[in-house]
Amino acid sequence: MTFDYDLFVIGGGSGGVRAARVAAATGAKVALAEEYRMGGTCVIRGCVPKKLMVYASSYPDIFDDARQYGWDVQHGDFNWGNFRTRLHAELDRLEEVYRNLLNGSDVEIFDGRAIMDDPHTVRINDKTVTAKHVLIATGGHPVRPDMPNADLGIVSNDIFLMEKMPKSVLIIGGGYIACEFACILHGLGVEVTQYYRGAQILRGFDDEARGLLADSMIQRGINLHVGTNIVEMAPASEDHTGAQPTNSDAAMGAPAQDIASNPKSDTAKTAKEPIWVKATNGTEKVFDHVLFATGRSPNTDGIGLEEAGVKLGRRGEVAVDDYSQTSVPSIYAIGDVTNRVQLTPVAIREGMAFVETVFKGNPTKPDHDLIPSAVFTQPELGTVGLTEEEAREQEPIEVYCTSFRPMQQAFAGKSERVLMKLVVAKESRKILGCHIVADHAGEMIQMVGIAVKMGATKEDFDRTVAVHPTMAEEIVTMKEPMRSA
Ligand code: NDP
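Everything numeric in this text was worked out from a predicted model, so none of it was measured.

Rules behind the numbers
Residues numbered from 1 in each chain as written. Predicted model: local features only at pLDDT ≥ 70, side-chain atom pairs only at ≥ 80, totals over all residues. Heavy atoms only, no water. Core = buried A, V, L, I, M, F, W, Y, C linked by side-chain atoms within 4.5 Å. Buried < 20%, exposed > 50% of the residue type's maximum accessible area, 1.4 Å probe, protein only. Helix = DSSP H or I, 4+ residues; strand = E, 2+ residues; numbered from the N terminus. Contact = heavy atoms within 4.5 Å. Pairing = 2+ DSSP bridges. Axes fitted to C-alpha atoms, helices over the stretch in contact; angles between N-to-C directions. 1 Å grid on protein atoms, 1.4 Å probe; cavity = no way out; pocket = protein on both sides within 12 Å on 5 of 7 lines; lining within 4 Å. Points joined across faces, edges and corners; volume = space filled by probe spheres on them. Nonpolar A, V, L, I, M, F, W, Y, C, P; charged D, E, K, R; others polar. Patch = residues over 30% accessible without salt bridge, like charges linked within 9 Å, V, L, I, M, F, W, Y side chains within 5 Å. Areas by Shrake-Rupley, 256 points an atom, 1.4 Å probe, with all protein chains shown as cover. Salt bridge = Lys/Arg side-chain N within 4 Å of Asp/Glu carboxyl O. Lys, Arg positive; Asp, Glu negative; His and termini not counted. Charge placed at Lys NZ, Arg CZ, Asp CG, Glu CD. Phe/Tyr/Trp six-rings, centres within 6.5 Å; stacked < 30°, edge-to-face > 60°. Lys NZ or Arg CZ within 6 Å of the ring centre and 35° of its normal. Expected span 1.5 Å × (residues − 1).

Asker: Any details on the nonpolar core? Residues and values, ideally.
Answerer: One finds Met53, Ile159 and Ile171 to be the most contacted residues of the largest nonpolar core, which totals 49 residues. Sorting elements by how many residues they give to this core places helix H7 (residues 176-187) first, with seven residues. Once residues lying within four places of it in the same chain are set aside, the contact partners of Ile159 are Met53, Trp80, Ile154, Phe181, Leu185 and Leu291. In this structure, Val17, Ala24, Leu32 and Val355 belong to the second largest nonpolar core, which totals 26 residues.

Structure representation (structure tokens):
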């Protein structure tokens, strides 16, 4: 049977675009469909605009420190309108770069929603094409909790489109997005309250690192309340005296809900007026915005997957094997839609492994082991490998750990501490995990990640000469274990 294309990629995010280009470079005939903006979550409404906002939000600290270093500088005001204009110009530029990369790689672009009719047939608007292989790379979208009036709240997509900076924001959640935006918005001068239902933010990260980061966030002025969740919300202008009594336990465990039929739409219904909120601790407050950072869900609805015979998992994700192949042999899936590890560089690796497997005759599993990552809070949290808690379950360990005031901030009169931590296997001496809470921890953990991935031991770290004076030198100068387990 002949096909119109060797590969049809559905989704123009980081994973899909990379897979399309690399496949086309093998001589394959490739097409890609994107219904919204080329670049996907990372470029258009995730990593990139978020990181630019992280930079914008870090200036008040820089101004403060500069005065301590002898500079006569004043804060001035942050102009969201000016920043937003520049931000969107940059996103437009990057979108164009992605488009040009595809054009330059001879990948045919379809601007529209692709729907699968069968394992080899894809419909885009009124055009139907066939492909030998189809790659699903449709990503995910933010979800709101299933509660009345949840659509009054905003999600991360909406932040970049806000008309004006709110005075106050309540953030629900304790994951990456909640913590990053708590710090960003606080840095931009917004009064930030954060409710997290669990005992400590950033579940799954190293306990000591989470604790220090939470302390720093509180010390900086974020009103972080753990063990707390939202129970009710309504427009502040409404009368709440007759509000129904609520079962807070039910609200604490309520599953999250998809926000809109079009997952790429920026919001369903965003409140234009302040929102009254009741919390599980009984407090009632009014906020300009409520930001739900309560997780993300795979984009698998309405693209004909089940009709084509593709099996989905419990969370609606495309179920794949180690080679990213779905239950239908001609259909593969990579990135957030598979709900494996929701990180851009991982989606890209999965895309490249797919091309190796299918177009280069070299079956390759994407490597999900020892993935370094960073939470871009203030300070940042960088992590690779096992947490102390995970490692203890696995084998006997030693923990090397130091917490100190870094020179730059100490000179500026700040009391904030950083954390450098190594989790070491007692027997093999291998570094099982590294956790850093500090400014630029994201940059540091990338480097540590190489050594850990190579299987470095504590003695390899010890043999490495320190770069002095830096914060990171502590990672090679910790002599005695803080504890063994
Ligand atoms: P996460 O899954 O990291 O966090 C979701 C948070 O919402 C958790 O704290 C969760 O609590 C809480 N939550 C879930 N449902 C409810 C509910 N019904 N009521 C109250 N709270 C609820 O998701 P994010 O949206 O923050 O991020 C999604 C993914 O995107 C991340 O896992 C990460 O892989 C990726 N990402 C990576 C970034 C980076 O690399 N810097 C930045 C941003 C995102 P609980 O812990 O109790 O489940």
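Asker: Let's hear about the sheet that holds strand S10 (residues 223-226): which residues, and what values?
Answerer: Reading across the sheet, the four strands line up as S10-S9-S8-S15 and stay open at both edges, with parallel pairing between neighbours. Looking at strand neighbours, the two that pair on one side only are S10 and strand S15 (289-292), the edges of this open sheet. For this sheet, the mean angle separating the axes of adjacent strands, direction not counted, is 15°. Bridge count for strand S8 (residues 168-172) against S15 is four bridges, and the pairing is parallel. Across the sheet, Leu170 pairs through a bridge with Val290, a residue of S15.

Asker: Outline the layout of surface pockets, supporting the account with residue identities and numerical values.
Answerer: Here the second largest pocket defines a volume of roughly 600 Å³. Of all the elements in the fold, those that place two or more residues in the lining of the second largest pocket are helix H3 (47-57), helix H4 (59-68), helix H8 (207-220), helix H12 (407-411) and helix H13 (441-453). Considering every element that reaches the lining of the second largest pocket, the biggest residue donor is H4, with five residues. Taken together, the residues that form the lining of the second largest pocket break down as seven nonpolar, nine polar and 10 charged.

Asker: Quick one: what's the story with a positive patch on the surface, residue by residue and with numbers?
Answerer: Together, Arg197, Arg203, Arg314 and Arg315 line one region of the surface with positive charge. Within the secondary structure, Arg197 is located in the loop between strand S9 (191-196) and H8. Looking at Arg197, the relative accessible area reads 45%, which means it is partly exposed.

Asker: Tell me about the packing of aromatic side chains, and name the residues and values.
Answerer: A complete count under the given rule lists 12 aromatic pairs for this structure. For the ring pair Phe78 and Phe83, a centre distance of 5.8 Å and an interplane angle of 50° mean the geometry is tilted. On the accessibility criterion, Phe83 (17% relative accessible area) is buried. One aromatic cluster in this structure is built from Tyr5, Phe8 and Phe110. When the ring centre of Tyr5 is taken as origin, the NZ or CZ atom of Lys29, which lies over that ring, is 4.9 Å away.

Asker: Just give me the short version of helix H10 (residues 344-359), but keep the residues and values in it.
Answerer: In this model, H10 (16 residues) spans 22 Å end to end at C-alpha, consistent with the 22 Å of a helix rising 1.5 Å per residue. Within H10, 12 of the 16 residues are buried, leaving the element largely enclosed by the surrounding structure. Looking only at H10, the buried set comprises Thr344, Val346, Ala347, Ile348, Glu350, Gly351, Ala353, Phe354, Val355, Thr357, Val358 and Phe359. Lining the buried residues of H10 we find strand S1 (5-10), helix H1 (14-25), helix H2 (40-45), H3, strand S6 (127-136) and strand S17 (331-333). Once H10 ends, the next one or two residues include Gly361, with phi positive near 60°.

Asker: Explain the pattern of salt bridges to me, using residue names and the numbers behind them.
Answerer: Evaluation of the coordinates by the stated rule reveals 27 salt bridges. Arg37 is the partner of Glu95 in a salt bridge, and the nearest nitrogen-oxygen pair spans 2.7 Å. Placement of Glu95 in helix H5 (residues 80-104) and of Arg37 in the loop between strand S2 (30-34) and H2 is noted, with a sequence separation of 58 residues between them. Here Glu95 and Arg37 have matching classes, each one buried. Ionic pairing is found between Lys458 and Asp462, a salt bridge with its closest N-O pair at 2.5 Å. Within this pair, Lys458 and its partner Asp462 are both found in helix H14 (residues 458-463), separated by four residues, close to a single helical turn. Under the relative-accessibility criterion, Lys458 is labelled buried at 1%. Via salt bridges that share partners, Asp206, Glu208, Glu388, Arg392, Lys421 and Arg483 belong to a single interconnected network.

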